[in-house]
Amino acid sequence: MNAVVSPGPIASPLPVDKAVQLERLLEGLAPHELYWIAARSSVLAAGVQTVAPVARVQAGERVTVLYGSQTGNARRIAEQLSQRIELAHLPVRLVRADAYPQRELAQERYLVVVISTQGEGEPPDDARGLVEFITGRRAPRLPSLQFAVLGLGDSSYPQFCAIGRQLDARFAELGGTRLASLGEADVDVEAVAAPWASAVLERAREVVVKTPASVTRVPTLQAVPSRTTYSREQPFAATVLANQRIVSRDSEREVRHLELSLEDAGLSYEPGDALGVWPQNPPALVQQWLDVLQLDGAQEVSHEGRSLPLARWLSNERELTRLTRSFVTAHAAASGSDELVRALQPEQSADFARLLAEYQPIDLLRLHRGVWQAQALVVALRPLTPRLYSIASSTRAVGDEVHLTIATVSYHAHGEPHWGAATSFLAASDEDARVPVFIEPNERFRLPADPSRDIIMIGPGTGVAPFRAFVQERRETGASGRNWLFFGNRHFEQDFLYQLEWQEALKQGALHRLDLAFSRDAAEKIYVQHRLREHGSELYAWLKDGAHLYVCGDATHMAKDVHAALIDIVAEHGGQSTEDAKDWLAELLQQGRYARDVY
Ligand code: NAP
C-alpha cells in the first residue's frame with residue numbers, strides 16, 4: 001500500500017501513520033458500515049450528543065425514504081420528499097438503497113420507496129441487492145408496514161416502471177398496506193411525482209407521530225450540494241468554447257468533442273458526474289411537423305398558464321423525437337387508424353415495442369394521416385426533458401470548463417432523415433452559442449478514495465467520456481494507482497477517439513495500459529470483452545488486489561456482454577463456479593468497487 005493516503009480530492013489533515021491506520025480500518029467495510037462511521041463522525045465533530053435523536057425515535061416510528069437511482073431523478077425526488085417530511089416535523093431518514101441495512105426491513109412501520117427502472121425492466125445498480133432481497137424468499141412478513149412506492153421510467157420502453165410495480169405488489173403480498181397508491185412517473189417526472197409526494201406527505205401527517213427536532217438522517221454518499229442557484233430547473237447558459245469533430249471525415253458516424261465554459265456559474269463537478277443539457281428540437285424537424293399537420297407555427301397556444309407560438313412549443317417545450325404509448329393512443333384517435341388501434345392491443349406487445357423503438361412520432365404522422373388542432377397537440381405531447389452526458393473532463397485539468405463527447409444521432413429511416421434532439425442541438429451549437437446546462441452528480445461512479453488503488457476502465461464508443469476525466473484527474477492529483485483502459489470502436493483509422501491524448505498519457509505514465517478493440521476492421525467482430533478475456537488472468541489479479549472496475553456505454557448489449565465475460569474470467573482465473581463468480585461480482589457492485597454508467 002502507498003504510504004500517503006488521502007481520501008480523493010479532499011486533502012487529508014492526518015499525519016501519515018494515522019492515515020494508514022484509518023485506511024486499514026476502512027478497508028473492506030460494507031457501505032452501510034461506512035455510512036454509520038460517517039454519521040457518527042459528523043455528530044462527534046459537531047459536538048452534538050450522539051444518542052439524542054436516535055433514542056427519541058423508535059426504530060420503526062420514523063418514515064424511511066429509500067431511493068434507487070441511475071441518473072439522479074429518483075434521488076432528487078426522494079431528497080425533496082424527505083425535506084418536506086422533515087419540515088412537517090415528522091421523523092424521517094433518507095437512505096440510498098445500497099446503504100440500507102436489510103435486517104431493518106422487518107421493523108419498518110413507514111417506508112417510502114422512489115425507484116427507477118432501467119432499459120429492459122431492471123433496477124438501478126444501487127438497488128439491485130435490495131430489490132433481490134425484497135422480492136426473494138428471505139424477505140420478512142411485513143404486517144405492520146405502511147408503504148408507498150413511486151416508480152420512475154420511460155414510457156417509450158415496454159417495461160415501463162416495472163421495478164416500481166414489482167415492489168408495490170411485493171410489499172402488499174408481504175402483508176403491508178399502502179400509504180398511497182403506486183405512482184408511475186414518466187420522463188417528465190414531476191407531473192406524477194409532485195402529486196404523489198403530496199399524497200404521501202398528507203397521509204404521513206395523519207399516521208406518523210410528530211416528534212419535533214428528532215430527525216435522523218443517514219448520510220448518503222452524495223456530493224456536497226453546490227451553493228449555486230443554477231440547477232435542473234434553472235440551468236446555466238454555458239458558452240460553447242469549442243465544438244470539433246473527433247472522428248475522421250470518412251467515418252460512418254459523427255462524434256464531436258465539445259468544450260463549454262462554466263465561468264461565473266459557481267458550478268462544480270467531480271469526475272464521474274454528468275452534465276444535464278436542455279436541448280431544442282432541430283428546426284428542420286419542427287418545420288416537418290408544421291408541414292405534415294398543416295399548422296401555423298405563429299399560432300399562439302396557451303397551456304398551463306403560458307402562452308407561446310406553436311413553433312416555440314414544438315422547438316423548446318415538447319418531446320418530438322421519442323414515441324410513447326400515450327402519443328400512439330392519441331394519434332390512433334386523431335387518425336382513426338385501425339392499424340394503430342390494433343398495435344395498442346396487449347397481445348401485440350412485441351410488435352408494439354418494435355414500433356416504439358423504430359419509429360419517431362413524425363413517422364406516424366406521415367404514415368397515418370390525422371387531423372390535429374394546435375392546442376390538442378401541445379397537450380398530447382410529452383414535455384421536453386434534459387439529456388445527461390457523462391463529463392469528459394476534470395476541473396483540475398480544465399479549470400472552469402466542462403467537456404463532452406457526443407455521437408450525433410442522425411440516420412435515414414422510412415425514407416426520411418431522422419435526428420436525435422439533443423445531439424443535433426449540441427452538434428449545431430457553434431462557438432459562442434449558449435447551451436442551458438446543469439450538473440447531475442453521479443455518486444455511484446467515483447474514483448477510489450484511496451489513490452493508490454488500481455482502476456480498470458471499460459468504455460467503448462462515447463462510453464470513453466468519463467475515463468478521459470478519470471485519467472486527467474489521476475494525472476493532476478498524482479494518484480499512484482495504475483490506470484488500465486479498454487476502448488473499442490468501429491475502425492482504428494477513423495474512430496479512435498482521443499488517440500493522441502491516450503498516447504500522450506501512456507508516455508507520461510498517466511495511463512498504464514491501453515487495450516483496443518476495433519469491431520469493423522477485420523472479418524470477425526472484435527469487442528472490448530474479447531480483449532478482457534485475452535487478458536483475463538491479469539485482469540483478475542488486478543481485481544483480487546483491490547482494483548476498482550468501471551464500465552460506461554451502451555446498456556442494452558455491451559454492458560451485459562461485458563458482465564458475462566467478467567463472470568467467465570472470475571470463474572476461470574479465480575477457480576470458482578459460475579454461481580460463485582456471479583456472487584463475487586455482485587459483491588463488488590454492492591461495495592461500489594464495480595461501477596456502471598450505462599444507458
Ligand atoms: P457505438 O458505435 O454504438 O459502439 C461502439 C463500439 O462498441 C463499436 O465498435 C460497436 O461495434 C461496439 N459494440 C457493439 N455491440 C457491442 C457489444 N455487445 N459489446 C461490446 N461492444 C459492442 O458507440 P456510441 O454510439 O459511441 O455509443 C455508446 C453508448 O454509450 C450509447 O448507448 C450511449 O448512449 C452510451 N453512453 C454515452 C455516454 C456519453 O456521455 N457520451 C455516457 C454513458 C453512456 P459494432 O457497431 O461494429 O457492432
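Scroll up for the structure.
To start, this report covers the structure provided alongside it. (Residues numbered from 1 in each chain as written. Predicted model: local features only at pLDDT ≥ 70, side-chain atom pairs only at ≥ 80, totals over all residues. Heavy atoms only, no water.)

## A word on the sheet that holds strand β21 (residues 594-598)
Read across the open sheet, the five strands follow the order β19-β18-β17-β20-β21; overall the sheet is parallel. Single-partner strands in this sheet number two, and they are β19 (513-518) and β21. Put simply, the sheet's adjacent strands are angled 10° from each other on average, direction ignored. Sheet analysis places strand β17 (residues 455-458) next to strand β18 (residues 483-489), joined by four bridges and oriented parallel. (Pairing = 2+ DSSP bridges. Helix = DSSP H or I, 4+ residues; strand = E, 2+ residues; numbered from the N terminus. Axes fitted to C-alpha atoms, helices over the stretch in contact; angles between N-to-C directions.)

## Overview of the nonpolar core
Residues Trp289, Leu310, Leu314, Phe327, Val328, Leu365 and Leu377 are the most contacted members of the largest nonpolar core, which totals 32 residues. Elements that contribute at least two residues to this core include exactly α8 (283-293), α9 (310-317), α10 (325-335), α11 (338-343), α12 (349-358), α13 (361-367) and α14 (374-380). Tallying contributions element by element places α8 first for this core, with six residues. Other than its neighbours up to four places away in sequence, Leu310 contacts Leu290, Leu295, Asp296, Gly297, Gln299, Val301, Ala374 and Val378. By size, the runner-up hydrophobic cluster in this structure holds 29 residues, among which are Ile85, Ala193, Val200 and Val208. (Core = buried A, V, L, I, M, F, W, Y, C linked by side-chain atoms within 4.5 Å. Buried < 20%, exposed > 50% of the residue type's maximum accessible area, 1.4 Å probe, protein only. Contact = heavy atoms within 4.5 Å.)

## Side note on the site of the ligand
Contacts to the ligand come from 22 residues, most closely from Arg253, Thr462, Ser519, Arg520 and Tyr527. Contacts to the ligand include Gln529, whose side-chain N or O atom sits 3.0 Å from a nitrogen atom. For the ligand, the accessible surface in isolation is 920 Å², of which the surrounding protein chains cover 82%. Among the secondary structure elements, those contributing two or more residues to the shell around the ligand are β12 (387-390), β20 (548-553) and α22 (558-574). Partitioning the shell around the ligand into residue classes produces six nonpolar, nine polar and seven charged. Mapping the shell around the ligand onto the domain boundaries places at least three of its residues in each of domain 2 (236-279 + 386-440) and domain 4 (455-598). (Near = heavy atom within 4 Å. Polar contact = N/O pair within 3.5 Å; in protein donor to acceptor, adjacent residues only side chain to side chain. Areas by Shrake-Rupley, 256 points an atom, 1.4 Å probe, with all protein chains shown as cover. Nonpolar A, V, L, I, M, F, W, Y, C, P; charged D, E, K, R; others polar. Domains from an automatic or database assignment.)

## Observations regarding the packing of helix α5 (residues 128-135) against helix α6 (residues 162-173)
In helix packing, the relevant descriptors are the interaxial angle and the interaxial distance, both defined with respect to the helix axes. Between α5 and α6, the shortest axis-to-axis distance is 10 Å and the interhelical angle comes to 35°. α6 is crossed by α5, and the crossing has left-handed handedness. Here Val131, Ile134 and Thr135 of α5 lie close against α6, whose contacting residues are Ile163, Gln166, Leu167, Arg170 and Phe171. Across the contact of α5 with α6, the residue classes break down as five nonpolar, two polar and one charged. (Left-handed = near helix turned anticlockwise from the far one by under 90°.)

## Details of helix α23 (residues 578-591)
With 14 residues, α23 extends 20 Å from end C-alpha to end C-alpha; this agrees with the ideal 20 Å at 1.5 Å per step. Residues of α23 that are buried: Ala581, Leu585, Leu588 and Leu589. All buried residues of α23 lie within an arc of 100° about the axis, which places them on one face of the element. Contacts made by the buried residues of α23 are with α5, α21 (536-544), α22 and β21. (Expected span 1.5 Å × (residues − 1). Arc of directions from axis to C-beta.)

## A short note on the pattern of salt bridges
A full pass over the atoms with the stated rule returns 45 salt bridges. Across the pair Glu108 and Arg93 runs a salt bridge whose closest N-O atoms are separated by 2.8 Å. Highlighted residues: Glu108 in the loop between β2 (92-96) and β3 (110-116) and Arg93 in strand β2, separated in sequence by 15 residues. Exposure class is identical for Glu108 and Arg93. Each is buried. A salt bridge links Arg306 to Glu317; its shortest N-O distance comes to 3.0 Å. Placement of Arg306 in strand β11 (residues 306-309) and of Glu317 in helix α9 is noted, with a sequence separation of eleven residues between them. Note on Arg306: relative accessible area 38%, which makes it partly exposed. Here Glu317 falls in the buried class, since its relative accessible area comes to 17%. (Salt bridge = Lys/Arg side-chain N within 4 Å of Asp/Glu carboxyl O.)

## Notes on the packing of aromatic side chains
Scanning all chains against the criterion turns up 18 aromatic pairs. Centre to centre, the rings of Phe467 and Phe470 are 5.8 Å apart; their planes meet at 70°, and the pair counts as edge-to-face. Pair noted here: Phe467 and Phe470 are both in helix α17 (residues 465-477), with a separation of three residues, about one helical turn. Across the pair, exposure class does not vary: Phe467 and Phe470 are buried alike. Directly above the ring of Phe352 sits Arg325, whose terminal nitrogen or CZ lies 4.4 Å from the centroid. Directly above the ring of Trp542 sits Arg482, whose terminal nitrogen or CZ lies 4.0 Å from the centroid. (Phe/Tyr/Trp six-rings, centres within 6.5 Å; stacked < 30°, edge-to-face > 60°. Lys NZ or Arg CZ within 6 Å of the ring centre and 35° of its normal.)

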